[in-house]
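Next come the chains, spelled out residue by residue.
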Amino acid sequence: MNLSRLLILTGLAAGVAGAQDLEAVSDPQVRFVTNMGEFVMELDIGRAPLTVEHFLTYVREGHYEGTIFHRVIQGFVAQGGGFTTDMQQKPAERKVFNESGNGLSNMRGTVGIARTQEPHDAGSQFYINLNDNTDLNPRPTRWGFAVFGTVVEGMDVIDAIGHAPTGAAGDLEQNVPVQPVVVERIELLSE
């Protein structure tokens, strides 16, 4: 990403760039094609510029193709982007700064970046909120989980994924769909 685009995305150039430059930056959309159907995410580049660029880098590299939704908890989240169909974890060396204080909330249909207990340890994994999960939002005493987009088409597919029977697989003791939910491809619709 070039420096001028980064400045515009993070809002640091607001005083330097004209309003038309800021308006020219549109929210990218990506279409996920899975073996259970398709859905489209719109990514909020204005509120989560670092996370969106981080996610799009993995999209452009083809990282998500052939991955599964490996953690599905009915009424909570559907998480993917980190494991292959044979339950091997894909390397995701790049990490992103936690943007959970961006004003976006973990509401039904929003997309967040998954992480460990370390606040700035998010790699390639993402989750889709199946319900309003405001407990994942930041608090004055702790970091939250950063929302960076919203499902704008295909929430019925997400709901079907969210109701898939789950069990143990590989090293994961629970919440793995019995019939793998596979990301076959991702199409970058706009950028």
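Residues numbered from 1 in each chain as written. Predicted model: local features only at pLDDT ≥ 70, side-chain atom pairs only at ≥ 80, totals over all residues. Heavy atoms only, no water.

**Notes on the overall build of the protein**
The helix and strand tally for the protein stands at four helices and 10 strands. Mapped from its N terminus to its C terminus, the protein presents α and β elements in the order α-α-β-β-α-β-β-β-β-β-α-β-β-β. Counting across all 191 residues of the protein, residues that qualify as buried make up 46%. With an accessible surface of roughly 9,300 Å², the protein has 50% of that area assigned to carbon and sulfur atoms. (Helix = DSSP H or I, 4+ residues; strand = E, 2+ residues; numbered from the N terminus. Buried < 20%, exposed > 50% of the residue type's maximum accessible area, 1.4 Å probe, protein only. Areas by Shrake-Rupley, 256 points an atom, 1.4 Å probe, with all protein chains shown as cover.)

**Let's talk about a nonpolar patch on the surface**
Residues Leu50, Phe97 and Trp143 make up a contiguous nonpolar surface patch of about 280 Å² in total accessible area. Structurally, Leu50 can be placed in helix H3 (residues 49–60). The partly exposed category is assigned to Leu50, whose relative accessible area is 34%. (Patch = residues over 30% accessible without salt bridge, like charges linked within 9 Å, V, L, I, M, F, W, Y side chains within 5 Å. Salt bridge = Lys/Arg side-chain N within 4 Å of Asp/Glu carboxyl O.)

**So, the layout of surface pockets**
One number sums up the size of the largest pocket: a volume of about 440 Å³. For the largest pocket, the lining is made up of 21 residues, of which Gln79, Ala114, Arg115, Thr116 and Gln125 are closest to its centre. In the lining of the largest pocket, the residues fall into eight nonpolar, eight polar and five charged. (1 Å grid on protein atoms, 1.4 Å probe; cavity = no way out; pocket = protein on both sides within 12 Å on 5 of 7 lines; lining within 4 Å. Points joined across faces, edges and corners; volume = space filled by probe spheres on them. Nonpolar A, V, L, I, M, F, W, Y, C, P; charged D, E, K, R; others polar.)

**Focus on the confidence of the model for the protein**
Averaged over all residues, the pLDDT of the protein equals 89, while 86% of them reach at least 70. Here residues 1–23 is a poorly scored stretch, pLDDT under 50, and it has 19 contacts once near neighbours within four places are set aside; other chains count. (pLDDT = per-residue confidence, 0-100. Contact = heavy atoms within 4.5 Å.)

**Some thoughts on the side chain of Asn102**
Within the secondary structure, Asn102 is located in the loop between strand S4 (77–84) and strand S5 (110–113). Given a relative accessible area of 11%, Asn102 falls into the buried group. Contact partners of Asn102, with chain neighbours within four places excluded, come to Arg47, Ala48 and Val147.

**Some remarks on the side chain of Ser100**
As for its placement among the helices and strands, Ser100 is situated in the loop between S4 and S5. Under the relative-accessibility criterion, Ser100 is labelled buried at 4%. Among the polar contacts made by the side chain of Ser100, one reaches the main-chain amide nitrogen of Gly144 at a distance of 3.1 Å. Those residues in contact with Ser100, other than ones at most four positions away along the chain, are Pro138, Trp143, Gly144, Phe145 and Ala146. (Polar contact = N/O pair within 3.5 Å; in protein donor to acceptor, adjacent residues only side chain to side chain.)

**Regarding the nonpolar core**
In this structure, Met41, Phe55, Phe69 and Phe126 are the most contacted members of the largest nonpolar core, which totals 34 residues. It is H3 that provides the largest number of residues to this core, a total of five residues. When sequence neighbours within four positions are dropped, the list of residues in contact with Phe69 reads Phe39, Ala78, Gln79, Gly80, Phe126, Ile128, Ile161, Pro177, Val181 and Val183. Formed by five residues, the second largest nonpolar core is a distinct cluster that contains Ile68, Met87, Val176 and Val182. (Core = buried A, V, L, I, M, F, W, Y, C linked by side-chain atoms within 4.5 Å.)

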